[in-house]
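Here is what each chain is made of, one letter per residue.
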Amino acid sequence: MQLKIMPKKKRLSAGRAPLMLFLCQMISALEVPLDLVQPPTITQQSPKDYIIDPRENIVIQCEAKGKPSPSFSWTRNGTHFDIDKDPLVTMKPGSGTLTINIMSEGKAETYEGVYQCTARNERGAAISNNIVIRPSRSPLWTKEKLEPIILRNGQSLVLPCRPPIGLPPPIIFWMDNSFQRLPQSERVSQGLNGDLYFSNVLPEDTREDYICYARFNHTQTIQQKQPISVKVISVDELNDTIAANLSDTEFYGAKSHRPRPPTFLTPDGNTSRKEELRGNVLSLECIAEGLPTPIIYWIKEDGTLPINRTFYRNFKKTLQIVQVTEADSGNYQCIAKNALGAIHHTISVTVKAAPYWIIAPQNLVLSPEEDGTLICRANGNPKPRISWLSNGVPIEIAPDDPSRKIDGDTIIFSKVQERSSAVYQCNASNEYGYLLANAFVNVLAEPPRILTSANTLYQVIANRPALLDCAFFGSPLPTIEWFKGAKGSALREDIYVLHENGTLEIPVAQKDSTGTYTCVARNKLGMAKNDVHLEIKDPTRIIKQPEYAVVQRGSTVSFECKVKHDHTLIPTVMWLKDHGELPNDGRFTVDKDRLVVADVNDDDGGTYTCVANTTLDNVSASAVLSVVDVPNPPFDLELTDQLDRSVQLSWTPGDDNNSPITKFIIEYEDAMHEPGLWHHQTEVPGTQTTAQLKLSPYVNYSFRVMAENNLGRSLPSEASEQYLTKAAEPDKNPTAVEGLGSEPDNLVITWKPLNGFESNGPGLQYKVSWRQKDGDDEWTSVVVANVSKYIVSGTPTFVPYLIKVQALNDAGFAPEPAAVMGHSGEDLPMVAPGNVRVNVVNSTLAEVHWDPVPLKSIRGHLQGYRIYYWKAQSSLTRNRRHIEKKILTFQGSKTHGMLPGLEPFSHYTLNVRVVNGKGEGPASPDKVFNTPEGVPSAPSSLKIVNPTLDSLTLEWEPPSHPNGILTEYTLKYQPINSTHELGPLVDLKIPANKTRWILKNLNFSTRYKFYFYAQTAAGSGIQITEEAITTVDEGKLAGILPPDVGAGKAMASRQVDIATQGWFIGLMCAVALLILILLIVCFIRRNKGGKYPVKEKEDAHADPEIQPMKEDDGTFGEYSDAEDHKPLKKGSRTPSDRTVKKEDSDDSLVDYGEGVNGQFNEDGSFIGQYSGKKEKEPAEGNESSEAPSPVNAMNSFV
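Because the structure is predicted, anything quoted here is derived from the model rather than measured.

### Examining the sheet that holds strand β44 (residues 504-506)
The strand order β40-β44-β43 describes an open sheet built from 3 strands, whose pairing is antiparallel. Each end of this open sheet is capped by a strand with a single partner; those strands are β40 (466-468) and β43 (497-498). Across 2 bridges, β43 lies against β44 in antiparallel orientation. Counted as the bridge partner of Leu498 is Leu504 from β44.

This is how it looks when you write it as structure tokens:
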């Protein structure tokens, strides 16, 4: 199936517009090969309006191609330009370009004119545009005397520029003598004509160097006008300086400096007209004067301003519309408005159009006997006139050609012959310009030829269009077919698109599109073909894109960009900042997949783009970096509305550094009273830039402002100007006024004085007034300097006074103060409390009552009552000895109190005294009382000695605190059998005078637990416990287990006889091996002169009470533990007297894992070796504080 050559525009979506543009370029590029005969074609020429630099040679370009090569000729001003007769003019060989040498001699003005180039060969003649040559001009300003301009403040002013007429027109700007541009604003601006407009003048507009400059870009020269002097003065100053010499008409302007509504300075009147050509920039201008300065607004009547083509310039005084079209014609209205009124001006805009192409004529290649057309279609306003030329000659007088027919803007060719070849020119012109186009008709008979290189390789990214080129030529026009593969059939148009220029388009190339494609061109004179190859590549993708980042100034940020690509393509990855290159800064480092920016600053903020390029495609991903920080300090602090008690502060915020300002903090400095010290004044929201501040009199204020955002607070701004408020009388009186006597006959009046900020003026003093509260005396007053105390002498003791302290300064008195009550000095109380009574609550607590002392006898502020009490004598021993007195104070007017912590069965004495601010009064008569008996403490010790097969001997010491008369001891004991259960409990009463007791008829080799306590008439005391074992056989001793102070256990902790367990034997072997190794190491170190560190540590911290136990000693060591279930420190031993103290634990060795049969010989042996003991000790008498269990044996080596 053959594909017809026709455009497939319907197959191209809007998204493929770049592709369409590419194809159009390819179509227009279809040309006759240069090895074939063809008429001339102009390829390059100078612009129509050619402004030259008169200081350089004139070069007029004219280049053309054709076969045979064309010859060139020129006309000047419509007549032949004979270049051979002018020695300054030369033509470039093989070209029509002229060079006129005016640098050596001659003037540029000599060669002004209209030039046209003609390129000619045997097939026709092509002509260039009319090229108008004009030299640029930059004339000087004419000399003129400029008088100084004097005008009133607020008047309007226009400073004329009127630059000389140049070619091209100059660019105008205003500067001063220092070449600094003059600032412009809504009030002062430059018009399109170059004049400088002042809507109203201010005193700061006064200067002597208003200079208008004209820059002529073509010659790179700048011309300047004479400086203009402007002086703005007030009316009063005008009267003083020039009123005597000038009349009202001799100074600039006549309008009042008072506020006035707007009027237009330009344009004049209410309406004006503007004409612009299509495609140009339409510029409309309105500048108004008025006071206050008017604001300009723009509207289009009966329409809206084009959104994307409308721009405002010069502070909205200029409206610009780019690429203006006929649709932009209409009425535009500018409105000037201020607080006093508004005015408007209407500009009627008409858009004309120089000719522009609708269809420009194209070269036409025909074979003999073929038909064809040349179309020349243009538009404009007014409508352009179309005229035809043939080989540069108007077609009306050109040689006749029977094969052509002219029909307005179209030439129709029928059955052309070789002699029909020619170059035709179409000219479309109106009053605003012209268009000239050359198009040749070339009659050829040529077989097809393919111009694309053979075996061209195309590489395309998958899922994108593939365009396979098949540029061809032939006459008649060949037909094109495409094939895929060596034996493939013609490609079908429902999958592929064949364009007029022979290009094959695969709209969406896939991997299976890879292969060889053949292009075949045919006409009646022959056939040609060409192979091209297509490869499809995987697209490049960014699989890890950089991410948006917000960082604080000074930190480090990184962006990641990981790229996946076709393995046959080599990508290059580059980073851009704001679509430009990265800064040349060592802080930016790029590795394979990452960009790192160190020490980030404000300039680093922006958009960072990762671009991955291959030879076939490129992808990019962007992320925004926001650099945040605390705000920059505010600036331009200004004080306005300055009143006695308030002022308005305004400021300009500093840069918020990408984190919005949340608030402003205002501080003040009092340079008069506290220079250098800043105080908090107030805070305002971050959207506010002014604050009304309340002020105090007689303060020299300076203010500063700080901005705060989410990251912190800015540095303070520069301090504002100082503002000294007027003096005034004080607003307040001193605080903390008190009256207290330091002696019984005086009154000390104190107060907190006002600070300098609160004084409100100079000469700060205080008026101190006092009188007795309960008397009829008049106020006594005295004025003192700026102090904080005044002493009134000769007052009665502890009398209430009314006191006032009033501030005053040179401006007057503060408001009348309120009176406060004080008292003159106190003296010691005169009377002791009476009727002291004691109620003994229990053996440790008593309640005391007393009668209050009369207030007059207290002679001061009642602080409370104080009880002194002491233990005078023991009721038991009757031994008198000194006891330190104890004191309890009861605040206020209480008349009773409790005495806790008394000792039972004791003799106490107490007395009571009243206390005031001066001290204590006399003591009440001593009161004696006794405390009853209490329960005794535990016996001081309990030890078990002389164990036999069936008896145990108990020895003890009485309680250290009997708290009464002991009546008897109670001993309870019970056996512990092999299953760790407690047997029947035996209760035994022992007289109080005994300290030794022998228990007989006990079972042999049996463990017993004992409970022992004392009793008084008040009850039983705290019990002490002990455990012991009767002997087993000869040489076997009963073991003593740790005592336990407290209530006995109902059931002993269960034990497991682990000495016969296999795992225990293995563990002990391992431990023995470790100890053996340790001993060997120790032995080696001793031979080297070192010390064994454990032994050294034990020697350094040995318990002085520890005595080694002898094997023949029939006693048992004491187990001492201050807390249940916690092992003693390593190396501790039982005291030599083997006594058990009442603080010791009543836990048995059963709780610590000791076997009932006492099978822990190896453990004891290990511990003895570890602790450095030389003599071997019996198993039951082991002195280690650790329980001799396997676990504790292991702990010994930790």
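### Points about the state of the cysteines
Per the counting criterion, the structure on display carries 6 disulfides. Covalent S-S linkage joins Cys161 and Cys212, the inter-sulfur distance amounting to 1.9 Å. In this structure the cystine formed by Cys161 and Cys212 twists about its S-S bond by roughly -65 degrees; its chirality is therefore left-handed. Here Cys161 is found in the loop between β13 (157-159) and β14 (171-175), whereas its partner Cys212 is found in strand β17 (residues 207-216), with 51 residues between them in sequence. Overall, Cys212 belongs to the buried group, its relative accessible area being 0%. Across the disulfide, Cys286 is cross-linked to Cys334 (sulfur-sulfur distance 1.9 Å).

### A word on the pattern of salt bridges
Considering all chains together, one arrives at 41 salt bridges under this definition. The shortest N-O distance in the salt bridge between Lys663 and Glu708 comes to 3.8 Å. Placement of Lys663 in strand β59 (residues 663-670) and of Glu708 in strand β62 (residues 700-709) is noted, with a sequence separation of 45 residues between them. Take Glu708: its relative accessible area is 17%, and that puts it in the buried class. Measuring nitrogen to oxygen at the nearest pair gives 3.6 Å for the salt bridge that ties Asp851 to Arg837.

### Side note on the sheet that holds strand β74 (residues 845-851)
If you walk across this open sheet you meet the 3 strands as β73-β74-β77, and the pairing is antiparallel. A strand with exactly one partner marks an edge of an open sheet, and here the two such strands are β73 (834-842) and β77 (896-899). Averaged over neighbouring strand pairs, the angle between their axes works out to 20 degrees when direction is ignored. Pairing of β73 with β74 involves 6 bridges; the strand directions are antiparallel. In the strand pairing of β74, Asn839 is matched with Glu847.

### Here's the deal with the nonpolar core
The biggest cluster of nonpolar side chains holds 30 residues, and the ones touching the most others in it are Ile60, Trp74, Ile100, Tyr111 and Tyr115. Going through the elements one at a time, β2 (49-52), β3 (58-60), β4 (62-67), β5 (71-76), β8 (98-100), β9 (113-121) and β11 (131-135) are the ones with two or more residues in this core. What Tyr115 contacts, discounting residues up to four positions off in sequence, is Ile60, Trp74, Thr75, Arg76, Phe81, Ile100, Asn129, Asn130, Ile131 and Ile133. Formed by 23 residues, the second largest nonpolar core is a distinct cluster that contains Ala466, Val532, Leu534 and Ile536.

### Here's the deal with the environment of Tyr548
Within the secondary structure, Tyr548 is located in the loop between β47 (541-544) and β48 (549-552). Using a relative accessible area of 56% as the deciding quantity, one classes Tyr548 as exposed. Sequence-wise, Tyr548 and Ala623 are 75 residues apart; in three dimensions their C-alpha atoms are separated by 4.9 Å. Residue contacts for Tyr548: discarding those within four places in its chain leaves Ala623, Val624 and Ser626.

### Comments concerning a nonpolar patch on the surface
Side chains of Leu1073, Leu1074, Leu1076, Ile1077, Ile1080, Val1081, Phe1083 and Ile1084 sit close together on the surface and give an oily, nonpolar patch of about 760 Å² of accessible area. Note that Ile1080 resides in helix α5 (residues 1062-1087). For Ile1080, a relative accessible area of 44% corresponds to the partly exposed category.

### Quick look at the confidence of the model for the protein chain
Counting all residues, the mean pLDDT for the protein chain is 84, and 83% of those residues have values of 70 or more. Here residues 1-29 is modelled with pLDDT under 50, and outside its nearest four sequence neighbours on either side it reaches 50 contacts, counting other chains as well. Taken as a whole, residues 1035-1056 scores under 50 in pLDDT and shows 94 contacts with residues more than four places along the chain or in a different chain.

How each quantity is defined
- Within any chain, residue numbers begin from 1 and follow the written order of that chain's sequence.
- With the structure being a predicted model, the display of local features is reserved for residues of pLDDT at least 70 and the display and counting of side-chain atom pairs for 80 or more, all residues being used for whole-chain, interface and lining totals.
- Heavy atoms from the whole structure form the basis of all side-chain values; hydrogens and water molecules are not counted.
- The pairing criterion is simple: DSSP has to find at least two bridges between the two strands.
- What counts as a helix is a DSSP run of H or I of at least four residues, what counts as a strand is a run of E of at least two, and both are numbered from the N terminus.
- We call a pair of cysteine sulfur atoms a disulfide whenever their separation is within 2.5 Å.
- Summary of the burial criterion: residues with accessible area below 20% of their type's maximum are buried, those above 50% are exposed, and those between are partly exposed, where the area comes from a 1.4 Å probe applied to protein chains only.
- Any carboxyl oxygen of Asp or Glu within 4 Å of a side-chain nitrogen of Lys or Arg constitutes a salt bridge here.
- Structural elements are reduced to axes, namely lines fitted to C-alpha atoms, with helices fitted over the stretch in contact, and the angle between N-to-C directions of any two is expressed from 0 to 180 degrees.
- Residues enter a nonpolar core if they are buried and are Ala, Val, Leu, Ile, Met, Phe, Trp, Tyr or Cys, with the set joined through side-chain atoms within 4.5 Å.
- Residues are treated as being in contact if the distance between any of their heavy atoms lies within 4.5 Å.
- Each patch groups residues whose relative accessible area exceeds 30% and which form no salt bridge, using 9 Å between like charges and 5 Å between nonpolar side chains of Val, Leu, Ile, Met, Phe, Trp and Tyr.
- Only the protein chains shown count as covering a residue, and every accessible area follows the Shrake-Rupley method with a 1.4 Å probe.
- Here pLDDT means the predictor's own confidence in every residue, given as a number from 0 to 100.

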